[in-house]
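If you want the building blocks of each chain, they are given just below.
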Amino acid sequence: TAPGQQLRALFYALAPGESSFRTVEEVPDYVEKSIPFFITFIGLEFAVSWIQKRKLPGRINDGISSLSLGILSRLPDVLFRSIELISYIYVWNNYRLFELPWDSPWTWYLTLLGVDFAYYCFHRMSHEVNILWAAHQVHHSSEDYNLFTALRQSVLQKYTSWIFNLPMALFIPPSVFAVHLQFNLLYQFWIHTEVITKLGPLEWILNTPSHHRVHHGRNPYCIDKNYGGTLIIWDRIFGTFEAEDAKVVYGLTHPVNSFDPIMLQLRPLAQIWNTFWATPGFCNKLSVIFKGPGWGPGKPRLGLPEEIPAITGKEVPFNPYVPAYLNGYALVHFAVIVDLYTELLASITVLSQGTVLLRICFIILSLVSFGLLMENKSKAGILEIIRCLVFIGVYKLGYFRSQFSFLGYAYEVRY
Ligand SMILES: [Zn+2]
Ligand SMILES: [Zn+2]
C-alpha cells in the first residue's frame, strides 16, 4: 500500500476498487503499517491541544500505560494467526451457503455494514455481560481521553469478539472480511480525542469524537451508551444513543488505580472470581458471570442506575507523584522497547521460536517494570535493575537488535 492509501485507511476512506483482494494472503496488514501514522497523529494532537488550550492532552504515566497495553494486546498475534481470522476461515471453508463476489462494490459495502453491526453487538454485550466486561474494561481504564487511549486494548478481548463475526462467514469471502475487520478497528483510532469538538451533519451517521467521549464517560448519563464502531446509526436504531452534554469524566466508575498492564488485565477477573464464590446459590453464581457488572442478588439485570457514583467535578485521576528524572528515564526506556517491538514485527519470519519467545517475555517484563515505576512502588527499583541486567545479558548474546543500525551503537554505550 502507498502511504496515501495507508493514511486514508485510518479514516475508512479507501474505495472498494483499491481495497478488494482475491485471497486473504494478499490483504495488507493495514494495522501494523499504521504505527508511524499513530505516532504522527499523537504528535499532532499534542501540538493542537497546546495551541487550543495551553495544556497537554494527557499524562506520561497514563500514556505509557495505554501504549503498554496496546503492545501487550498485539503480542499473541506475533505467535499465532489471529483467532478472528482462523475461526472465520474455518466456517467459510466448511459451512458457507453461497459466495458473494469478492470484487463487487456491493459486497464491499455490505461487509462494511456487517462488520460494524457485529461490532455493535459484540461491544454492547461486552458492557452488559460481566465476564466479557472483564476483558473489555481494559480499554476504559484510562482516566484521560486521547489518542493513547485508542491504543489501550485488552489482550483477552479478541478471544470473545470472534464469535460475533461468524454469521458473515456463511456468504462473505474471508479476504473482504479481513479488510473491513482492520478498517473498523483503525477508524476508531482518531475519534479518541478532545481536540475535535463536533462535526456537524456527520454526527448523524458516523461515530465521532463527541459520541465516543460519551462512551468513555463515567457520568451516570454516559453509562452503557454509544456502542457503535464506525457508524452511530445502530445506537440510534436500538435506543442506546446519548448526545454529549455535561462535561465528561473519563474512566471506570470504580477505577483500578494501577499502571501495571498485567494488573489492569487481571484484577477485574479476580474480582469476578471472588464475587462468584461469595454469592450464595447456583443461579446467582451464574448471574455473577453472565449478567451486567452492576448486578447483585435482587437487582435488575444491568444493576441499579442510582448505584452509579454521581459526578461532583472534583474527581482526581490516579496520579502518584514520581520525580521528573524517573519520568524521563521511563520515557527513554519505553522508546527502546517500542523499537524492540517494531523490530520484532519486522523480522518475525527470520527468527527462531525461542528468540521470539525470549523477546516477548522481555517486552512483558519491561512493560510491567515501567508500570510499577510510574506507581512509585518500593519494589520497582529492584525489578528495574533485574530488567537492565537481563537486557545486557541477552543483548551481549545477540538476541536483541534495533531496527535502526545506529541505535545498536547507542545500546552498547548506554549499558
Ligand atoms: Zn466500550
Ligand atoms: Zn474507545
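Residues numbered from 1 in each chain as written. Chains lettered and ligands numbered in written order. Predicted model: local features only at pLDDT ≥ 70, side-chain atom pairs only at ≥ 80, totals over all residues. Heavy atoms only, no water.

- For the protein, the name recorded in an unreviewed UniProt entry is Alkylglycerol monooxygenase, with Sylvia borin as its organism.
- Recorded in UniProt for the protein, the comment headed Catalytic activity (unreviewed entry) runs: "1-O-(1,2-saturated-alkyl)-sn-glycerol + (6R)-L-erythro-5,6,7,8-tetrahydrobiopterin + O2 = a 1-(1-hydroxyalkyl)-sn-glycerol + (6R)-L-erythro-6,7-dihydrobiopterin + H2O". (UniProt positions renumbered as here; feature names shortened; annotations may be inferred.)

**Focus: the overall build of the protein**
Right, on to step 1. If you tally the helices and strands in the protein, you get 19 helices and 0 strands.
Right, on to step 2. With the C-alpha coordinates aligned to their principal axes, the bounding extent of the protein is approximately 60 × 55 × 50 Å.
Right, on to step 3. Across the 415 residues in the protein, those meeting the buried criterion constitute 52%.
Right, on to step 4. Restricting to contacts in the protein with at least 6 residues of sequence separation, those with at least 24 account for 75%.
Right, on to step 5. For the protein, the exposed surface amounts to about 19,600 Å²; the carbon and sulfur share of it is 68%.
Right, on to step 6. Of the charged side chains in the protein, 32 are positive and 31 negative, and the gap between their average positions amounts to 4 Å. (Helix = DSSP H or I, 4+ residues; strand = E, 2+ residues; numbered from the N terminus. Buried < 20%, exposed > 50% of the residue type's maximum accessible area, 1.4 Å probe, protein only. Contact = heavy atoms within 4.5 Å. Areas by Shrake-Rupley, 256 points an atom, 1.4 Å probe, with all protein chains shown as cover. Lys, Arg positive; Asp, Glu negative; His and termini not counted. Charge placed at Lys NZ, Arg CZ, Asp CG, Glu CD.)

**Focus on the UniProt feature "domain: Fatty acid hydroxylase" (unreviewed entry) in the protein**
Right, on to step 1. The UniProt record annotates "domain: Fatty acid hydroxylase" (unreviewed entry) at residues 109-240.
Right, on to step 2. As annotated, residues 109-240 has a helix share of 56% and a strand share of 0%, and its two end C-alpha atoms lie 24 Å apart.

**Thoughts on the coordination of the zinc ion (ligand 1)**
Right, on to step 1. Coordination of the zinc ion (ligand 1) by the protein involves His123 (NE2), His127 (NE2), His136 (NE2), His140 (NE2) and His215 (NE2), with metal-donor separations of 2.1 to 2.2 Å.
Right, on to step 2. Between consecutive donor residues of the zinc ion (ligand 1), the sequence gaps follow H-x3-H-x8-H-x3-H-x74-H.
Right, on to step 3. Between the zinc ion (ligand 1) and the zinc ion (ligand 2) there is a metal-metal distance of 5.9 Å. On the criterion of sequence distance, the pair formed by His123 in helix 6 (residues 105-128) and His215 in helix 12 (residues 209-215) is long-range, its members being 92 residues apart. As far as the burial class goes, His123 and His215 line up, both buried. (Donors = N, O, S within 2.8 Å, 3.2 Å for Na, K, Ca; no water.)

**Some details on the nonpolar core**
Soluble globular proteins tend to bury their nonpolar side chains together.
Right, on to step 1. Among the nonpolar cores identified, the biggest contains 79 residues, and Tyr30, Phe183, Phe189, Ile363 and Leu367 are the most heavily contacted of them.
Right, on to step 2. Counting the residues that make up this core, at least three belong to each of domain 1 (3-238) and domain 3 (324-414).
Right, on to step 3. Residues within four places of Tyr30 in sequence aside, it is in contact with Thr1, Gln6, Ala9, Leu14, Glu18, Ser19, Phe21, Val179, Gln182, Phe183 and Leu186. (Core = buried A, V, L, I, M, F, W, Y, C linked by side-chain atoms within 4.5 Å. Domains from an automatic or database assignment.)

**Description of the pattern of salt bridges**
Right, on to step 1. For the coordinates displayed, the defined rule picks out 13 salt bridges.
Right, on to step 2. We note a salt bridge from Arg124 to Glu128, for which the minimum N-O separation is 3.1 Å. Placement of both Arg124 and Glu128 in helix 6 is noted, with a separation of 4 residues, approximately one turn of the helix.
Right, on to step 3. Judged by relative accessible area, Glu128 falls into the buried class, the value being 8%.
Right, on to step 4. For Arg213, the salt bridge goes to Glu244, with nearest N and O atoms at 2.7 Å. With Arg213 in helix 12 and Glu244 in the loop between helix 13 (233-238) and helix 14 (261-278), this residue pair connects regions lying 31 residues apart in the sequence.
Right, on to step 5. Overall, Glu244 belongs to the partly exposed group, its relative accessible area being 22%. (Salt bridge = Lys/Arg side-chain N within 4 Å of Asp/Glu carboxyl O.)

**Concerning the coordination of the zinc ion (ligand 2)**
Reference values for coordination geometry: four tetrahedral donors around a metal ideally subtend 109.5 degrees, six octahedral donors ideally subtend 90 or 180 degrees.
Right, on to step 1. The coordination sphere of the zinc ion (ligand 2) contains the protein donors His139 (NE2), His192 (NE2), His212 (NE2) and His216 (NE2), at a distance range of 2.1 Å.
Right, on to step 2. Here the donor residues of the zinc ion (ligand 2) are spaced in sequence according to H-x52-H-x19-H-x3-H.
Right, on to step 3. By relative accessible area, His192 is classed as buried at 1%.

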